[in-house]
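# Descriptive structure summary
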Amino acid sequence: MEITIKPIEKIEGQTRMPGDKSISHRALIFSSLTENTVEIEGLLKASDTLSTLNCLKELGIECEEKEKVIKVNGKGLRGFTEPVNVLDAGNSGTTARLLTGLLSGQPFHSILTGDDSLRKRPMKRVTEPLKRMGALINGRKNGEFLPLSIRGYDLLPIRYTLPVASAQVKSALLIAALYTGGNSEIIDHYQTRDHTERALQYLGANIEKIGKHHIVLKNPAKLQAERFQIPGDISAAAFFLVAAALAPAGELYIEEVGINPSRTGILDVLKEMGADIRIYNRREYNCEPVADLLVKGGRPLKGVEIRGEMIPQVVDEIPVLAVAGLFARGETVIQGAEELRLKESDRLRSISLELKKMGALIEELPDGLIIQGGTKLSGAEFESHGDHRIAMALSTAALFAESESVIKGVETVRISFPDFFEVLNGLAH
Ligand code: S3P
């Protein structure tokens, strides 16, 4: 499917974003680990979170879906049943990695696979420490790639320093750690998103953070909750924050967005670039900070440097930050972002390849991008590379080109933001 995008004057209006994808996956998984029925409100209904839901159903979890709420009948840590079918994580790395952690603790056999893109993404980062905990896992290239065959047992506690910046790895290990008889310790020097830690805290697990980097999970854990409320996804909001900030005029108010500090790098970077962003109505849902955001257009933006500790805070926003850099004055440098090559597509390659079609001056580095901003750019015919965030970042760039653009393969937005183009149409003028 392709879509045509015309240049705009302003982004104007009030809107909400779909539920946070990371929190939605965790709400589904952790609700199924409680011993009661949990109501989840605001769940992201998109292909990735449906992959998690379908896998949980294959594992014997029953759900009742109403319009705004989904009720998950938790069965406790040991209530899953051996799946008859192969579990399919689709395009979702979060589903694949978190469920590998969960399945490692189950006393039965399961097979987990995914789509063409996911079957190329690295899994050893989770299978290697899970094998150390005692799980039996086989997969291509010694457990590097899906499909994985997993046979779990009572696991051994682990003390593990994350070798890569990955919240998915940290979360898989914390879930597996619930199936051990002792205390596990995870050291996360990168400060990746901490939704799993917050969810476990909300559910009453004995989890503690010592200093900035050290997480301790003590057993036994009995998880309990009646409700999860999912805030809007700041990674979905990022496209509109950038569009509203780049627009010559207009004001955009986004209600109810998750502002977990491990995810708000996008706000910090845009403010550093000169954007006018304000935060209102701070509140909390299930240990997650939430607020409304206001962005005003018409401010000139300037280039920035994004590197080091900042990278994990903006890991999903780099494609759209590259777009912001493209229309800002001066140079934007992104470094230390080699993990982007291992996402739904090689995002450093796909974003630079596509933006060059507009005449953009972008240099691709092994671990980042150098973008020369502020030149006039023409519309182009873009490819999404089957990657939802690339499709949405290119759509954002197309709003500020000198002529109209066509984006091919836009059906991929169903992965995280099925209504993206409807929301954009409502706000772009
Ligand atoms: C996610 C963690 C990040 C992120 C992904 C969602 C999560 O991946 O890019 O979109 O929900 O834990 P990594 O853990 O591979 O960095």
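Overview of the structure. All residue numbers refer to positions counted from 1 along the written sequence of the respective chain. Since the coordinates come from a predicted model, pLDDT governs what is reported: local features require at least 70, and pairs of side-chain atoms require 80 or more to be given and counted, while whole-chain, interface and lining totals use all residues. In computing side-chain values, all of the structure's heavy atoms are included and hydrogens and water are not.

## Observations concerning the packing of helix α1 (residues 21–33) against helix α3 (residues 93–103)
The condition that has to hold: To obtain an axis, a line is fitted to C-alpha atoms, over the contacting stretch when the element is a helix, and the angle between two such axes runs from 0 to 180 degrees between their N-to-C directions. Strands here are runs of E lasting at least two residues and helices are runs of H or I lasting at least four, both read from the DSSP assignment and numbered beginning at the N terminus. For this classification, under 35 degrees means roughly parallel, over 145 means roughly antiparallel, 65 to 115 means roughly perpendicular, and everything else is oblique. For a crossing to be left-handed, the near helix must be turned anticlockwise from the far one by less than a right angle; the clockwise case is right-handed. Should any heavy atoms of two residues lie within 4.5 Å, those residues are considered in contact. Three classes are used, and their members are as follows: Ala, Val, Leu, Ile, Met, Phe, Trp, Tyr, Cys and Pro are nonpolar, Asp, Glu, Lys and Arg are charged, and the others, Gly among them, are polar.
Orientation of α1 relative to α3, taken along the N-to-C sense of each, is 20°, at an axis distance of 11 Å. It follows from the interaxial angle that α1 and α3 lie roughly parallel. α3 is crossed by α1, and the crossing has right-handed handedness. Where α1 abuts α3, its residues H25, R26, I29 and L33 lie against T94, T95, L98, L99 and L102. Residue composition of the contact of α1 with α3, by class: 5 nonpolar, 3 polar and 1 charged.

## Section: empty space enclosed by the protein
This is how it is decided: Points on a 1 Å grid over protein atoms alone make up a cavity when a 1.4 Å probe fits among them but cannot get out, and a pocket when they form an open set with protein on both sides within 12 Å along at least five of seven lines; lining residues each have an atom within 4 Å of a point. Grid points are joined across faces, edges and corners, and a volume is the space filled by probe spheres set on the points.
This structure, assessed with the given rule, holds 2 cavities of 30 Å³ or more. There is about 50 Å³ of room inside the largest cavity. Lining the largest cavity are I23, R26, A27, H195, R198, A199, F228, N286 and E288. Secondary-structure elements contributing two or more residues to the lining of the largest cavity are α1 and α7 (195–202).

## Things to note about the environment of L112
Tracing the backbone shows L112 in strand β7 (residues 109–113). Residues L112 and R97, spaced 15 residues apart in sequence, show a C-alpha to C-alpha distance of 9.9 Å. Setting aside residues no more than four positions away along its own chain, L112 makes contact with L87, A89, A96, T100, L146, P147 and L148.

## Regarding the site of the ligand
What counts is decided by this rule: For this description, a residue counts as near a given molecule or strand if any of its non-hydrogen atoms is within 4 Å of it. In protein, a polar contact means a hydrogen-donor-capable atom and an acceptor-capable atom, both N or O and within 3.5 Å, with residues adjacent in sequence counting only if both atoms are side-chain atoms; elsewhere, any N or O pair within 3.5 Å suffices. Residue-level accessible areas treat just the shown protein chains as cover; the underlying method is Shrake-Rupley with a 1.4 Å probe. Boundary definitions for the domains trace back to an automatic or database domain assignment.
The environment of the ligand is formed by S22, R26, T94, R97, A165, S166, A167, Q168, R193, V315, D316 and K343. In this structure, S166 approaches the ligand through a side-chain N or O atom, which is 2.8 Å from an oxygen atom. In this structure, an oxygen atom belonging to the ligand sits 3.0 Å away from a main-chain N or O atom of A167. Protein coverage of the free-state accessible area of the ligand, which is 390 Å², stands at 95%. Per-class residue counts for the shell around the ligand are 3 nonpolar, 4 polar and 5 charged. Residues from two domains meet in the shell around the ligand; each of domain 1 (2–19 + 231–427) and domain 2 (21–229) gives at least three.

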